Protein chains: 2
Amino acid sequence: MQTELLIHADWVLPVDAGDATLAKHSLAIADGRVAALLPRAEAEAQIEAARTLDLPGHVLIPGLVNAHTHSPMTLLRGLADDLPLMTWLYEHIWPAERRWVDQEFVADGTRLAVLEMLRGGVTCFSDMYFHAEVTGRVCAEAGMRVLAGMIVVDLPTRYADSADEYLRRGLELYEHFRDHPLVRAAFAPHSTYAVPEAALARMRTLADELEVQVHIHLHENRDEVLQVLREHGERPIARLDRLGLLGPQLIAVHMTQLEPAEIARLAETGAHVVHCPESNLKLASGFCPVAELLTAGINVALGTDGAASNNDLNLLGELRTAALLAKGVAGRANAVPAQQALRMSTLNGAKALGLADEIGSLEVGKAADVVAVDLGDPRTQPLYNPCSQLVYAAGSHQVRHVWVRGRQVLRDGAPLTLDPASIIAAARAWGERIAKV
Amino acid sequence: MQTELLIHADWVLPVDAGDATLAKHSLAIADGRVAALLPRAEAEAQIEAARTLDLPGHVLIPGLVNAHTHSPMTLLRGLADDLPLMTWLYEHIWPAERRWVDQEFVADGTRLAVLEMLRGGVTCFSDMYFHAEVTGRVCAEAGMRVLAGMIVVDLPTRYADSADEYLRRGLELYEHFRDHPLVRAAFAPHSTYAVPEAALARMRTLADELEVQVHIHLHENRDEVLQVLREHGERPIARLDRLGLLGPQLIAVHMTQLEPAEIARLAETGAHVVHCPESNLKLASGFCPVAELLTAGINVALGTDGAASNNDLNLLGELRTAALLAKGVAGRANAVPAQQALRMSTLNGAKALGLADEIGSLEVGKAADVVAVDLGDPRTQPLYNPCSQLVYAAGSHQVRHVWVRGRQVLRDGAPLTLDPASIIAAARAWGERIAKV
């Protein structure tokens, strides 16, 4: 077999059906896809590669999927901390966004986010923000995979001033990136409390026609649930169910407030949950019952949320927090073991985003979204189990190489498609402007 | 004024009484102590320094204090995960320790721990382990500050086979390091369930005589409390109180199970609490009510616990987890704000260890235990508030320079007193030996 690149690694965690840990294996890439995954000796005998890369001490994993973020909010990182969700949102974040967010803000903020995520082994993210066409363009240029949100929110901005206008702009985005290999669109209604019901119903119809996912904040905290119950006489999940929105197209983010019947209903409909543990903790939103959701057979993925409520986009840190917190919340030290945390941040994310045929695991035929992590750092030595070291001990600086769709975007920790100095300079300039007010 | 070193930094977080954030300040070091902390212009006018170091984009903080760990357990990192405390301890960790722990194990494991901690900005730690005289020696050589535990535990090992023998060896340690500038000793009875009452009583008397702290695992989880209640008719805190051990000399580690009267009693006696959030989560031990303890006026410090239950010794990550988890547990997003998290991991640690006159804050006259963190990383840009970026977003790889007692031990991320290659080779050799069994 002839391939473009053959990578030899000490371990591969393919996130396959058997949760295998492969020692001394090699992964071949051709035409942007995984062409082979074999024991090294077999690979050397059978595969002719234009280039080989030897990575002793490294583990290969599928690219991490950040299933919920607001990438341009990197520019608001640390602007308002130690505040509850509604104060943070209504008094700090939305006013700043109304004042500052334009296409340039989105371009500069997305670039900073993509730089941070690629350096941390994230190869795909699901985004919800204004001017998502700019986010799509930045990702296309940087070689990053994105599910760009066709946002709808009851907040007049420079981007759009009504639900109809938000929807119209979203559909333009959809058309623009139709069939793009890296950029896809999903509906992204902000929440049931900040989107008119007519717009939710319209998205339901359109999502069916266009076969796209619907990405929404849902049951983020108690106040949200009580507010919707007070104003509409039903809990947010019940509203979505009535509107026909609970199903495998739904990416339901946060879900810290759940009754047993709601968990059963989510499982029955095949809706996906995105758990954002650090944002939920930081905003004191509540605890998502991750172990219960998994036991009920619900697909649970992981997200960082935006950098204004996290405050980083480090999914490797987030999957550690998720693995640790799930044990504390369930009261069981065997809840969400290391392999499951890795699965939540890769294959489960791909499933939630409707991309599981393409990404999420290292299997022959799937896109070559691959991350190499150096486990030779003092922090991950000695090594009894590579998955344990990755999940419970590795730092994001140990991510050394990243490929998206076979294209190398990070080499020895340095980005190949982005210029860090100019990105940081732009972020600084925004920070100075925003801080002055 | 003449000094050895003058450091110019964009920000200094001295952790002083006012939680100041100083911009464009300079810190002078002479004779191992902070000789001055001034606005840069004043420093340049008044101070003559043998050497100056300009650190644009960096923040200076006091060295982090890891108030509870078992440093040699780095060699068991990842050996047994996803198990509850008592299974993990009795079926995995103690058997491995009985088999493997000797002076060489302790020397190699401590070196790996000190390497990891210095690289992560930890300049002082409180340790509880066998052969603590070896830990003390390794720290003295590496220029690391340590409160070495005079351990006592009902577990016959090669180190000691009875409580009396443990105590005897502990006192030897005390004598050996008496008046050492970096190494001090504290009693370290493992717990009330694994130490005979007579030995606890004896340590009470000796701690008074020698004026040393007493470092103990206390109310780590529900089973521990119930077991002691069943066997002794009182909860562990009540036992210690009866034995006269509750007081400012007590370093009480974990404390996840607390009744209101116990919190009041702790506050009344001035006992210190060390919170180890990641270990508590990983072993599903319960949640320490950190915000309540702080409100009650109790001094709460932070620890990583050992690398077998964390699995890293990254206190910067731990203080983030502590800041986030406290909000979730208290249900208040303003619980443990960033400045308080930094205080818990510096000055509060120094107080717990009985070293607050010497370390824990950057104030003139205190020892120059100083850490410089580069906030220019994409992950901490833009920058509205250096303390927020440090606590909520920075990675341990952003720690660039570390001084302990005025001696530089880390320069540009590279250790000056330790040899990483030989330390990792030794750790690997242990890993291979232990994994083989």
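Residues numbered from 1 in each chain as written. Chains lettered and ligands numbered in written order. Predicted model: local features only at pLDDT ≥ 70, side-chain atom pairs only at ≥ 80, totals over all residues. Heavy atoms only, no water.

S.K.: It is not clear to me how the domain arrangement of chain A should be interpreted in this structure. Could you clarify?
M.R.: Accessible area lost on assembly of the parts is the figure often given for the size of an interface. Residue and element names in this part refer to chain A. Per the domain assignment, the segments of chain A are domain 1 (2–62 + 370–404) and domain 2 (64–352). Each of domain 1 and domain 2 was reduced to a C-alpha centroid, and the two centroids are 30 Å apart. Interface of domain 1 and domain 2: buried area, both sides summed, is about 1900 Å²; carbon and sulfur atoms make up 64% of it. Counting the surface domain 1 buries against domain 2, the share from its top three residues, Val 391, Tyr 392 and Val 404, is 34%. Across the contact surface, domain 1 and domain 2 share one salt bridge. A salt bridge links Asp 19 to Arg 343, with the nearest nitrogen and oxygen atoms 2.9 Å apart. In this assembly, domain 1 and domain 2 are joined by nine residue pairs in polar contact (both at pLDDT 80 or more). The set of elements that each furnish at least two residues to the side of domain 1 that touches domain 2 consists of β4 (48–62), α15 (386–392) and β14 (399–404). The leading source of residues in the side of domain 1 that touches domain 2 is α15, at five residues. Tallied by class, the residues present in the side of domain 1 that touches domain 2 amount to 17 nonpolar, four polar and three charged. (Domains from an automatic or database assignment. Buried area = accessible area lost by both parts, 1.4 Å probe. Salt bridge = Lys/Arg side-chain N within 4 Å of Asp/Glu carboxyl O. Polar contact = N/O pair within 3.5 Å; in protein donor to acceptor, adjacent residues only side chain to side chain. Helix = DSSP H or I, 4+ residues; strand = E, 2+ residues; numbered from the N terminus. Nonpolar A, V, L, I, M, F, W, Y, C, P; charged D, E, K, R; others polar.)

S.K.: Looking at this model, I keep getting lost on the sheet that holds strand β2 (residues 22–30) of chain B. Mind explaining?
M.R.: Residues and elements named next belong to chain B. The sheet built from eight strands is open, its strands ordered β3-β2-β1-β4-β13-β14-β15-β16 with mixed pairing. Lying at the two open borders of the sheet, with one neighbouring strand each, are β3 (33–39) and β16 (414–415). Sheet topology note: the strand β1 (residues 2–12)/β2 ladder contains seven bridges and is antiparallel. Residue Trp 11 lies in a different strand from β2, and its bridge partner there is Ala 23. Strands β14 (399–404), β15 (407–411) and β16 of the sheet are contacted by helix α3 (residues 103–119), whose axis makes an angle of about 115 degrees with β14. (Pairing = 2+ DSSP bridges. Contact = heavy atoms within 4.5 Å. Axes fitted to C-alpha atoms, helices over the stretch in contact; angles between N-to-C directions.)

S.K.: Looking at this structure, I do not really get the packing of aromatic side chains. What am I missing?
M.R.: A ring pair, where both rings are aromatic, is described by two values, the distance of the centres and the angle of the planes. Going through the model one piece at a time under the given rule, you end up with 15 aromatic pairs over all chains. Here A:Tyr129 and A:Phe130 contribute two aromatic rings whose centre-to-centre distance is 4.9 Å and whose plane-to-plane angle is 65 degrees, an arrangement assigned as edge-to-face. A:Tyr129 sits in the buried class, given a relative accessible area of 2%. Take A:Phe130: its relative accessible area is 4%, and that puts it in the buried class. Geometrically, the ring pair formed by A:Phe287 and B:Phe287 is stacked, given 6.0 Å between the ring centres and 25 degrees between the ring planes. With one member in each of two chains, A:Phe287 in the loop between α10 (277–282) and α11 (290–295) and B:Phe287 in the loop between α10 (277–282) and α11 (290–295) form a pair that bridges those chains. Taking relative accessible area as the criterion, A:Phe287 reaches 25% and is therefore assigned partly exposed. Among the aromatic residues, those joined into a cluster by ring pairs are A:Tyr129, A:Phe130, A:Tyr159 and A:Tyr166. Between B:Lys282 and the ring centre of A:Tyr392, over which it is positioned, the NZ or CZ distance is 4.7 Å. In this structure, B:Arg433 packs its charged tip against the face of B:Trp430, placed 4.1 Å from the ring centre. (Phe/Tyr/Trp six-rings, centres within 6.5 Å; stacked < 30°, edge-to-face > 60°. Buried < 20%, exposed > 50% of the residue type's maximum accessible area, 1.4 Å probe, protein only. Lys NZ or Arg CZ within 6 Å of the ring centre and 35° of its normal.)

S.K.: What is the right way to read the sheet that holds strand β15 (residues 407–411) of chain A from this model?
M.R.: Hydrogen bonds along the backbone pair up the strands of a sheet, which may run parallel or antiparallel. All names here are of chain A. Strand order in this open sheet of eight strands is β3-β2-β1-β4-β13-β14-β15-β16, and the pairing throughout is mixed. The sheet is open, and its two edges are formed by β3 (33–39) and β16 (414–415), each paired on a single side. In terms of strand pairing, strand β1 (residues 2–12) meets β4 through nine bridges, oriented parallel. Within the sheet, the bridge partner assigned to Leu 6 lies in β4 and is Thr 52. Contacting β14, β15 and β16, helix α3 (residues 103–119) runs over the sheet at an angle of about 115 degrees to β14.

S.K.: Even after reading the chapter, I still don't get α3(B), so can you show me in this structure?
M.R.: Owing to its 3.6 residues per turn, the α-helix brings residues three or four apart onto one side. Residue and element names in this part refer to chain B. Taking 1.5 Å per residue as the helical rise, α3 with its 17 residues ought to reach 24 Å, and the 24 Å between its terminal C-alpha atoms agrees with that figure. Most of α3 is tucked away: 13 of the 17 residues are buried. In the segment just after α3, Gly 121 is the residue with positive phi, at about 90 degrees. (Expected span 1.5 Å × (residues − 1).)

S.K.: Is there a simple way to think about the side chain of B:His272 in this case?
M.R.: For B:His272, the position within the fold is in strand β11 (residues 272–275). Excluding residues that lie within four positions of it along the chain, B:His272 makes contacts with B:Gln213, B:Pro248, B:Leu250, B:Ile251, B:Ala252, B:Asn299, B:Lys351 and B:Ala352.

S.K.: Is there a simple way to explain the interface of chain B and chain A in this structure?
M.R.: Each partner contributes residues to the interface: chain B has 59 residues there, and chain A has 59 residues. Per-residue buried area on chain B facing chain A is highest for B:Asp82, B:Pro378 and B:Tyr384; these three make up 16% of the total on that side. One can count eight salt bridges joining chain B with chain A. Linking B:Arg379 and A:Asp312 is a salt bridge whose minimum nitrogen-to-oxygen distance equals 4.0 Å. At the boundary of chain B and chain A, one finds 26 residue pairs in polar contact (both at pLDDT 80 or more). Of all the secondary structure elements, the ones that give two or more residues to the side of chain B that touches chain A are α3, α10, α12 (315–330), α15 (386–392) and α16 (420–436) of chain B.

S.K.: Would you take a moment to explain the pairing of strand β7 (residues 145–152) of chain A for this structure?
M.R.: The side chains of a regular strand alternate between both faces of the sheet. All names here are of chain A. Buried residues dominate β7, accounting for eight of its eight residues. Where burial is concerned, the two faces of β7 agree: the one with Arg 145, Leu 147, Gly 149 and Ile 151 and the one with Val 146, Ala 148, Met 150 and Val 152 are both buried. Note that strand β6 (residues 122–127) and β7 share three bridges and pair parallel. Pairing of Cys 124 across the sheet is with Arg 145, part of β7. One ladder, built from seven bridges, connects β7 with strand β8 (residues 183–189); its direction is parallel.

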